[in-house]
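For reference, the chains in residue letters:
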Amino acid sequence: MIRFEHVNKRYPERGEALKDLSFELAAGEMAFLTGHSGAGKSTLLKLIGLIERPTRGQVVVDGRSIGDLPRRRIPFHRRRIGMIFQDHRLLNDRTVYDNVALPLAITGMPNRDIGRRVRAALDQVGLLAFERAHPVALSGGEQQRVGIARAIVGRPPIILADEPTGNLDPELASEIYDLFERFHEVGVTLMIATHDQERISRMAYRILRLHQGRLIADSGNW
Ligand code: ADP
Ligand code: ADP
């Protein structure tokens, strides 16, 4: 589903953020990405989402090398990927419903279909009762669940999460990881960047560990 072949990423004047990175994530696999701050976790996820492009090497998603994808194809590529951020990036002047509807509204989907999808997504994260609320009225855990509903509303086969529970206490974080496991059970491919060593060693999934831009451990290959 996702394959990196000798990928390097260099930011101008910052040196290499990723160095000769190779790995493969199979369809339906769930993996954790870990490593110290600045190790390259966000950069790796951004390359998959085509927010950044590799300097060298190939990033292959769904059998297609995306490094040379024409600009006009990028929106279609991104629709296949649900992105979840630590700070959830919700629009505070819009309702929960509108925040979750946004990725579908920009595709020109009819409103009735949008309504059905948005409510299904809110139902999955347990927030159906909050569709008229504004994000600021919600707790941190609820806001993150709205961010997750927005990521899944288009039913993407791939979910990428960047420190999704970094601002949450352990109990709320557990709810988020329960959701990820449910997506995994229905066949979604997930990659979750996190510092939470205790949790990832407790949950028995593959762990990719970066150190200064290099892949130094991959439990899937042990
Ligand atoms: P992590 O997510 O593991 O904290 P990042 O991928 O954010 O690591 O960062 C890896 C390295 O790349 C760091 O040295 C960081 O400062 C640098 N970096 C990340 N994004 C940019 C950018 N947009 N421009 C320049 N340097 C960047
Ligand atoms: P994260 O750990 O989620 O990447 P950061 O605070 O490291 O968050 O980075 C926030 C934003 O700034 C990201 O988009 C990242 O790519 C960018 N960034 C990180 N380091 C640098 C840098 N040295 N120069 C320019 N942009 C950077």
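Residues numbered from 1 in each chain as written. Chains lettered and ligands numbered in written order. Predicted model: local features only at pLDDT ≥ 70, side-chain atom pairs only at ≥ 80, totals over all residues. Heavy atoms only, no water.

**What to know about the overall build of the protein chain**
Each helix and strand counted, the protein chain has 7 helices and 10 strands in total. The C-alpha radius of gyration of the protein chain comes to 17 Å, within 12% of the 17 Å expected for a compact globule of 222 residues. The principal-axis extents of the C-alpha atoms in the protein chain amount to approximately 45 × 40 × 35 Å. The buried share among the 222 residues of the protein chain stands at 48%. Taking all contacts inside the protein chain whose residues are at least 6 apart in sequence as the whole, residues at least 24 apart take part in 68%. By element, 48% of the accessible surface of the protein chain is carried by carbon and sulfur atoms, the whole surface being about 11100 Å². (Helix = DSSP H or I, 4+ residues; strand = E, 2+ residues; numbered from the N terminus. Rg over C-alpha atoms; globule rule 2.2 N^0.38 Å. Buried < 20%, exposed > 50% of the residue type's maximum accessible area, 1.4 Å probe, protein only. Contact = heavy atoms within 4.5 Å. Areas by Shrake-Rupley, 256 points an atom, 1.4 Å probe, with all protein chains shown as cover.)

**A word on the site of ligand 2**
Close to ligand 2 lie R14, S42, K46 and D162. R14 places a side-chain nitrogen or oxygen 3.4 Å from a nitrogen atom of ligand 2. Here S42 contributes a side-chain N or O atom positioned 2.9 Å from an oxygen atom of ligand 2. Coverage of ligand 2 by the protein chains reaches 27% of its 540 Å² of free accessible surface. A per-class count over the shell around ligand 2 returns no nonpolar, 1 polar and 3 charged. (Near = heavy atom within 4 Å. Polar contact = N/O pair within 3.5 Å; in protein donor to acceptor, adjacent residues only side chain to side chain. Nonpolar A, V, L, I, M, F, W, Y, C, P; charged D, E, K, R; others polar.)

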